[in-house]
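The residues making up each chain are set out below.
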Amino acid sequence: MEMVHARPVTLIQVAGLRKVFRKPEKAPGLRGSLRHLLQRRFSEHVAVDGIDLSVAQGEAVAYVGPNGAGKSTTVKMLSGILVPTAGQVLVDGLVPYRARVENARRVGVVFGQRTQLWWDLPVRDSLELLRDMHGLGAARYRETLARLDDVLGLADLLPVVARKLSLGQRMRADLAAALLHEPRIVYLDEPTIGLDIAVKDRVRSFVRRLVADGTTVMLTTHDLADIEDICRRIVIIDAGRVVYDGDLQSVKDTHVRERSMSFELAAGLPGVDRIAARLPGAQVRAGSDDRELTVTFDRMTLGAREVLAAVLAEAEIVDMHIDEPAIETVVRKVYAGQLRPEPDGGVDRETVS
Amino acid sequence: MTFVTAGAVPLPADTRSRRIRAYRSMARMALKSLLAYQTSFLFGMLASAFGVLSMLYLWRSALAAGPRQGFDWPQMKAYLLVAFVVGSLVSSYTDYRMANRIQQGDVAMDLVRPVDYQWSRLAESVGFAVYEAGTAIVVVLAAAAIFGGMPPPDRDTVPLFILSALLVLPLRFGIVYLSGLLVFWTQNYVGVQAARIALITLFSGALVPLAFLPEWMRVIATYLPFVGMASTPALLYTGSLDGSDATTAVLVQAAWAVALWWLARLMWSAAARKLTVHGG
Ligand SMILES: Nc1ncnc2c1ncn2[C@@H]1O[C@H](COP(=O)(O)OP(=O)(O)OP(=O)(O)O)[C@@H](O)[C@H]1O
Ligand SMILES: [Mg+2]
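A quick note: this is a predicted structure, and the numbers were derived from the prediction, not measured. (Residues numbered from 1 in each chain as written. Chains lettered and ligands numbered in written order. Predicted model: local features only at pLDDT ≥ 70, side-chain atom pairs only at ≥ 80, totals over all residues. Heavy atoms only, no water.)

(A) A look at the overall build of chain B. When its secondary structure is counted, chain B shows 12 helices and one strand. For chain B, the α and β elements follow one another from N to C terminus as β-α-α-α-α-α-α-α-α-α-α-α-α. The principal-axis extents of the C-alpha atoms in chain B amount to approximately 90 × 40 × 35 Å. Counting across all 280 residues of chain B, residues that qualify as buried make up 47%. Long-range pairs, those at least 24 residues apart, make up 81% of the contacts in chain B with a sequence separation of at least 6. Of the accessible surface of chain B, which amounts to about 13,200 Å², a share of 69% is contributed by carbon and sulfur atoms. (Helix = DSSP H or I, 4+ residues; strand = E, 2+ residues; numbered from the N terminus. Buried < 20%, exposed > 50% of the residue type's maximum accessible area, 1.4 Å probe, protein only. Contact = heavy atoms within 4.5 Å. Areas by Shrake-Rupley, 256 points an atom, 1.4 Å probe, with all protein chains shown as cover.)

Set out below in structure tokens:
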């Protein structure tokens with residue numbers, strides 16, 4: 001069965017996906033409710049507005065966008081929970097909402113804000129129930145559980161009733177619950193929400209490992225540090241539309257031309273004007289201490305070497321570093337509406353086969 | 001371009017045995033989750049015990065002067081106790097949970113599991129029913145002890161009685177599940193549940209045998225699904241329903257159980273289309 005394909009197998013295929021929610025338009029109070037009963041009026045809200053997406057097997061895709069952009073709604077349609085208003089979804093050859101049960105056997109889903117666990121039962125019972133649901137044999141269950149325990153540290157959690165778990169513990173247990181059947185596709189919707197740094201790190205390295213093992217991962221998060229070392233591809237959506245789809249590094253290169261260099265100087269500077277005069281177009285700022293200095297510049301018009309030379313000419317440098325552009329910056333631009341799709345539909349995008 | 005080995009391990013085809021195992025396990029877990037709450041168990045039992053005792057006191061004094069509508073006191077006692085046991089099956093854990101999960105949007109998590117939604121709820125209801133029947137039988141034994149025993153079932157109708165009692169479960173499940181699904185439309189469940197309970201109480205004959213209702217209501221009730229939820233098995237137990245009437249009554253029960261199941265399927269597919277999972 002060792003077939004090698006020259007082209008990646010597309011596992012998730014989405015075309016023109018739309019979801020419109022109908023909200024009852026109702027005046028407040030009892031009168032409003034009664035009125036609504038008589039003349040039912042609804043307002044429509046487009047949560048997902050024509051999304052095209054295709055994800056190859058083994059890819060790790062970051063799916064980001066501001067609050068209310070439609071990320072969770074997309075994930076719900078991909079996992080067969082919601083029926084799309086229009087458009088096509090195909091996941092591993094299945095239409096999720098039509099073949100919901102079969103689809104659920106193949107994918108794993110984590111919604112950070114919800115739990116899969118049975119609230120009144122110990123974690124072990126929930127996992128055993130999932131074992132039975134997925135029809136896993138005793139040996140395979142034991143092996144998978146041991147592997148998950150290795151990364152997630154489950155052993156202490158197994159006898160605890162889900163209701164009594166802390167948020168971080170619950171998330172670890174939920175990850176185990178979603179991955180017990182070793183799905184080929186995993187959707188993670190904000191898996192690090194509300195977690196402390198240590199648990200976040202643990203979850204991240206766990207997801208990295210999943211990706212390394214060849215699992216196809218779609219990761220939704222507001223913590224952009226989550227994606228930097230997990231995903232190579234980023235899909236940014238806003239108001240239900242894809243505004244960017246491509247390589248994480250190249251989006252940074254194209255959209256984050258700003259670089260920033262920070263210096264620690266041997267002696268305090270009387271002012272930054274003289275340095276600023278040497279670097280037209282750059283922003284030169286003194287830090288909280290007059291021995292600190294930050295220069296922000298456009299890497300297309302100025303090089304790091306010129307900045308360094310300018311500072312050296314005016315002061316003695318003790319220490320310095322260059323800030324790598326963070327994906328935060330790109331996403332912040334999107335959130336601020338600076339990176340909208342062109343009106344003619346020419347979305348800034350690199351389509352992946 | 002990455003090189004990928006195609007379809008790592010093909011998923012084995014789904015089997016009936018996987019599904020049966022899944023539902024059996026769900027039923028077991030549902031029972032287990034109820035057993036986790038010892039205090040609510042005691043309070044629930046006390047509450048239903050008081051309900052049953054007051055009902056029995058009431059009917060004993062009502063029948064003190066002699067039989068009415070063909071019921072004498074021992075018969076009425078047996079009728080009420082049987083109606084109580086079967087009526088306590090699939091009472092409200094099922095729809096309470098369903099409605100809550102739909103309202104909170106947790107139904108999303110039910111839908112990412114590889115099981116059918118309706119079968120899953122039935123499996124859970126069976127688990128709950130074991131618990132409900134257990135408590136009800138304890139209450140009935142206590143009540144029988146206080147009220148001087150309970151007459152045995154009528155010999156001739158015992159097989160039909162057993163069949164009829166078993167049919168109560170899918171019947172009640174059908175009604176409870178259907179009313180739970182209404183939350184997709186109403187958003188608020190309290191009213192729906194109250195209406196459901198009122199309908200069942202009146203038309204099932206659990207509180208007052210249907211023989212005491214006006215003629216026209218009794219006729220309507222005969223063809224409604226509710227009559228099979230208490231009256232039919234209780235009358236079969238006391239032997240008041242026999243011959244072809246008995247067979248017809250059980251057939252009506254079975255027909256409603258099947259009809260409600262398919263009605264619920266239809267309603268689910270309508271609900272799934274308009275399903276809007278809240279939050280997240
Ligand atoms: N059940 C619903 N009924 C009506 N509107 C909804 C419903 N669910 C979501 N919406 C709306 O659809 C839009 C997209 O919601 P969605 O949950 O997909 O956003 P998101 O990108 O996941 O946001 P967040 O980052 O806040 O989780 C929002 O405007 C939201 O109000
Ligand atoms: Mg979301």
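(B) A look at the environment of B:Asp242. With respect to the element layout, B:Asp242 can be found in the loop between helix H11 (231-238) and helix H12 (243-274). The spatial distance from the C-alpha of B:Asp242 to the C-alpha of B:Asp154 is 9.9 Å, given a sequence separation of 88 residues.

(C) Spotlight on the sheet that holds strand S8 (residues 216-220) of chain A. All names here are of chain A. Across the sheet, six strands lie side by side as S6-S7-S8-S4-S9-S10; this open sheet has mixed pairing. Pairing within the sheet leaves two strands with one partner each, and these edge strands are strand S6 (107-111) and strand S10 (241-247). Pairwise comparison of adjacent strand axes, ignoring direction, gives a mean angle of 15° for this sheet. Relative to strand S9 (residues 233-238), strand S4 (residues 60-64) runs parallel, the two being bridged by four bridges. Its bridge partner lying in S9, Tyr63 is registered against Val235. Sitting on the sheet, helix H6 (residues 167-179) is in contact with S6 and strand S7 (185-189), with an inclination near 160° to S6. (Pairing = 2+ DSSP bridges. Axes fitted to C-alpha atoms, helices over the stretch in contact; angles between N-to-C directions.)

(D) Expanded view of helix H6 (residues 117-146) of chain B. An ideal rise of 1.5 Å per residue puts 44 Å on 30 residues; H6(B) measures up with 43 Å between its terminal C-alpha atoms. The backbone nitrogen of B:Gln118 lies 3.1 Å from a side-chain oxygen of the residue at the head of H6(B), namely B:Asp116. (Expected span 1.5 Å × (residues − 1). Polar contact = N/O pair within 3.5 Å; in protein donor to acceptor, adjacent residues only side chain to side chain.)

(E) Representation of the pattern of salt bridges. Residue and element names in this part refer to chain A. Taken as a whole and judged by the stated rule, the model has 33 salt bridges over all chains. Measuring nitrogen to oxygen at the nearest pair gives 3.1 Å for the salt bridge that ties Glu59 to Arg233. Note that Glu59 is positioned in the loop between strand S3 (42-56) and S4 and Arg233 in strand S9, a separation of 174 residues in sequence. Neither Glu59 nor Arg233 differs from the other in exposure class; each is buried. Between Arg131 and Asp132 there is a salt bridge, with the nearest N and O atoms lying 3.1 Å from each other. Since its relative accessible area comes to 4%, Asp132 is described here as buried. Taken together, the shared-partner salt bridges connect Asp92, Glu102, Arg105, Arg106 and Arg184 into one network. (Salt bridge = Lys/Arg side-chain N within 4 Å of Asp/Glu carboxyl O.)

(F) Structural view of a nonpolar patch on the surface. Residues and elements named next belong to chain B. A cluster of nonpolar side chains, namely Phe43, Leu46 and Phe50, defines an oily patch on the protein surface of about 370 Å² accessible area. Tracing the backbone shows Phe43 in helix H2 (residues 38-62). The exposure class assigned to Phe43 is exposed, which follows from its relative accessible area of 59%. (Patch = residues over 30% accessible without salt bridge, like charges linked within 9 Å, V, L, I, M, F, W, Y side chains within 5 Å.)

(G) Inspection of the domain arrangement of chain A at higher detail. Entries for chain A in the domain assignment read domain 1 (10-253) and domain 2 (258-324). Using only C-alpha atoms to locate each centre, domain 1 of chain A and domain 2 of chain A end up separated by 44 Å. (Domains from an automatic or database assignment.)

(H) Geometry of the environment of A:Ala282. Residue and element names in this part refer to chain A. Mapped onto the elements of the fold, Ala282 is located in the loop between helix H10 (273-278) and strand S12 (283-286). Ala282 sits in the buried class, given a relative accessible area of 15%. With 19 residues separating them in the primary sequence, Ala282 and Thr301 have C-alpha atoms 9.2 Å apart. Setting aside chain neighbours within four positions, we find Ala282 in contact with Val295, Thr296, Phe297 and Leu302.

(I) Fine view of the nonpolar core. Residues and elements named next belong to chain A. Ile12, Ile51 and Tyr187 are the most contacted members of the largest nonpolar core, which has 107 residues in total. Non-local contacts of Ile51, meaning those with residues more than four positions away in its chain, are made with Val14, Ala15, Gly16, Leu17, Tyr63, Thr74, Ile237, Gly240, Arg241 and Val242. Within the second largest apolar cluster, 60 residues are counted, among which are Leu165, Leu188, Ile230 and Val251. (Core = buried A, V, L, I, M, F, W, Y, C linked by side-chain atoms within 4.5 Å.)

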